[in-house]
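# Structural characterization, general
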Amino acid sequence: YSADDCASRSRNVRGSSLFWNESNVPAAGGLVSTECSRSPEFCGYHHVVVLYCDGASFTGDLNDPVIAADGTTVYFRGQRIIDATIKSLATVAGLSNATDVLLSGDSAGGLGVIHNADRVGDALASVAPGLRRYKAAPVSGFFLNHTNVQGENIYGDALTAAFAMQNSTAAGTVFAANAVEAGITTPILIAQSALDLYQTECILTPSAVYEAGCNHLDWATEWHNCSRHTSSCTDEQMKQLVDFESDFLTAFARVSASLKSTDAAFLDSCHTHCEADSDWFFRGNVSGVVMQDFVTDWWRQERRSQWLSPPITQPCRWSIEEPRQCNPTYPS
């Protein structure tokens, strides 16, 4: 969120390819799994993992490097990373022969998918002449621009400042809601929990955010466990989480008016983060609909008669009183 933050990040896997190796590449799970028992629609595809390293969801575009307080030189060029990756894959990995491409990412990568879906689509059109189908599935990247329980917009202000610092191409539409409302040509499927664990931890309840996460210091110590585990929340704290979920669904209802007929959204009540890239992709369900089947139908352009157009699942609401989790197919 600052030049010093990014200098620290540049010394680990989150900020430099110098530290990448097979041991720290995340295992592909759920939607992006190579196991056909977990992702039968996409297991046979070529899989490319582009590790997150730029700190602004691959939107930075600053010509000159920035010097941090400790003298570290930091570059903010996420957009060029995207462009170079596409060119490299087309040259050495056969992307130029691709007929079907799904762009996906989770968390900050999910936000990156929203911001870069059309840019990647344009690049693919120029390098893959046989491309027939291209879609994007951002996972857990729909972050709310929301105050914490103290009324401070810690996360929103920090993210906005980070995008501005990097001369981000998305500086005017930092949050997913703004980007979707501004218009995305690419067909997208948004997979998101209405009570996302990262957001209860690092948007609703933190005292500070930094490059590796967020802090619960001073007044926020009482929220440390509750933000991660609803079973640790008092009724008063649970009311704050329930209200946050309501705020998310209200915000998404407004954004849904900007979705195209080729778009979709799988909203659930799972208090976790990046569930589409885990076993919850094929375990939990919303009103009997499993995310795996929902994604497959969207990818194949099939529609179930009971779904809206565009199709959007409607998650149940958490409760202040026990049992708090309204959907027993997901963890509480």
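Residues numbered from 1 in each chain as written. Predicted model: local features only at pLDDT ≥ 70, side-chain atom pairs only at ≥ 80, totals over all residues. Heavy atoms only, no water.

With that settled, the discussion passes to the overall build of the chain. Counting its secondary structure elements, the chain contains eight helices and 10 strands. Here the C-alpha atoms of the chain give a radius of gyration of 20 Å, agreeing with the 20 Å that 2.2 N^0.38 yields for 332 residues. Split into buried and exposed, the 332 residues of the chain put 50% on the buried side. Taking the contacts inside the chain whose residues are at least 6 apart along the sequence as the reference set, 72% of them involve residues at least 24 apart. With the model as given, the accessible surface of the chain reaches about 14700 Å², and the carbon-plus-sulfur share is 50%. Charge separation in the chain, taken as the distance between the mean sites of 21 positive and 37 negative side-chain charges, equals 7 Å. (Helix = DSSP H or I, 4+ residues; strand = E, 2+ residues; numbered from the N terminus. Rg over C-alpha atoms; globule rule 2.2 N^0.38 Å. Buried < 20%, exposed > 50% of the residue type's maximum accessible area, 1.4 Å probe, protein only. Contact = heavy atoms within 4.5 Å. Areas by Shrake-Rupley, 256 points an atom, 1.4 Å probe, with all protein chains shown as cover. Lys, Arg positive; Asp, Glu negative; His and termini not counted. Charge placed at Lys NZ, Arg CZ, Asp CG, Glu CD.)

This paragraph deals with the packing of aromatic side chains. Scanning all chains against the criterion turns up 13 aromatic pairs. Here the aromatic rings of Phe-266 and Phe-294 are separated by 5.3 Å at their centres, their planes lie at 70 degrees, and the arrangement is edge-to-face. Here Phe-266 is found in strand E8 (residues 264–268), whereas its partner Phe-294 is found in helix H8 (residues 291–299), with 28 residues between them in sequence. Accessibility expressed as a relative area gives 0% for Phe-266, which makes it buried. (Phe/Tyr/Trp six-rings, centres within 6.5 Å; stacked < 30°, edge-to-face > 60°.)

You can see Asn-12 is positioned in the loop between helix H1 (3–9) and strand E1 (66–67). Within the structure, the side chain of Asn-12 is placed 2.8 Å from the backbone nitrogen of Arg-14, a separation counted as a polar contact. Aside from chain neighbours lying at most four places away, what touches Asn-12 is Phe-19 and Glu-211. (Polar contact = N/O pair within 3.5 Å; in protein donor to acceptor, adjacent residues only side chain to side chain.)

What follows concerns H8. Among the nine residues that make up H8, eight are buried, leaving the element largely enclosed by the rest of the structure. Residues of H8 that are buried include every one of Met-291, Gln-292, Phe-294, Val-295, Thr-296, Asp-297, Trp-298 and Trp-299, and no others. Buried residues along H8 sit against strand E3 (100–106), strand E4 (133–139), strand E5 (189–193), E8 and strand E10 (289–290). Backbone geometry just after H8 places Gln-301 at a positive phi near 65 degrees.

Moving on to the pairing of E5. For E5, the tally of buried residues reaches five of five residues, placing the bulk of the element in the interior. Burial along E5 is two-sided: the residues Leu-189, Ala-191 and Ser-193 and Ile-190 and Gln-192 are all buried. Taken together, the five bridges between E5 and E8 define a ladder with parallel strand orientation. Looking at the pairing, Leu-189 lines up with Ala-264 of E8. (Pairing = 2+ DSSP bridges.)

It is at 10 Å that the axes of helix H2 (residues 78–92) and helix H3 (residues 108–127) come closest, and there the two elements cross at 30 degrees. When the axis of H2 is compared with that of H3, the two are roughly parallel. Regarding H2 and H3, the two cross each other, and that crossing is right-handed. In contact with Gln-79, Ile-82, Asp-83, Ile-86 and Ala-90 of H2, H3 contributes Asn-116, Arg-119, Val-120, Ala-123 and Val-127. (Axes fitted to C-alpha atoms, helices over the stretch in contact; angles between N-to-C directions. Parallel < 35°, antiparallel > 145°, perpendicular 65-115°, else oblique. Left-handed = near helix turned anticlockwise from the far one by under 90°.)

All right, on to the pattern of salt bridges then. In the structure shown here, the tally under the stated rule is 15 salt bridges. Salt-bridge contacts for Glu-181 lead to Arg-254; the nearest nitrogen and oxygen are separated by 3.5 Å. Of this pair, Glu-181 sits in helix H5 (residues 176–182) while Arg-254 sits in helix H7 (residues 235–255), placing them 73 residues apart in sequence. On the accessibility criterion, Glu-181 (36% relative accessible area) is partly exposed. Where Arg-228 meets Glu-201, a salt bridge forms, and the shortest distance between an N and an O atom there is 2.6 Å. Of this pair, Arg-228 sits in the loop between strand E7 (213–215) and H7 while Glu-201 sits in helix H6 (residues 197–204), placing them 27 residues apart in sequence. Its relative accessible area of 23% is what places Arg-228 among the partly exposed residues. Here the salt bridges share partners, and the residues they tie into one network are Glu-35, Arg-38, Asp-279 and Arg-283. (Salt bridge = Lys/Arg side-chain N within 4 Å of Asp/Glu carboxyl O.)

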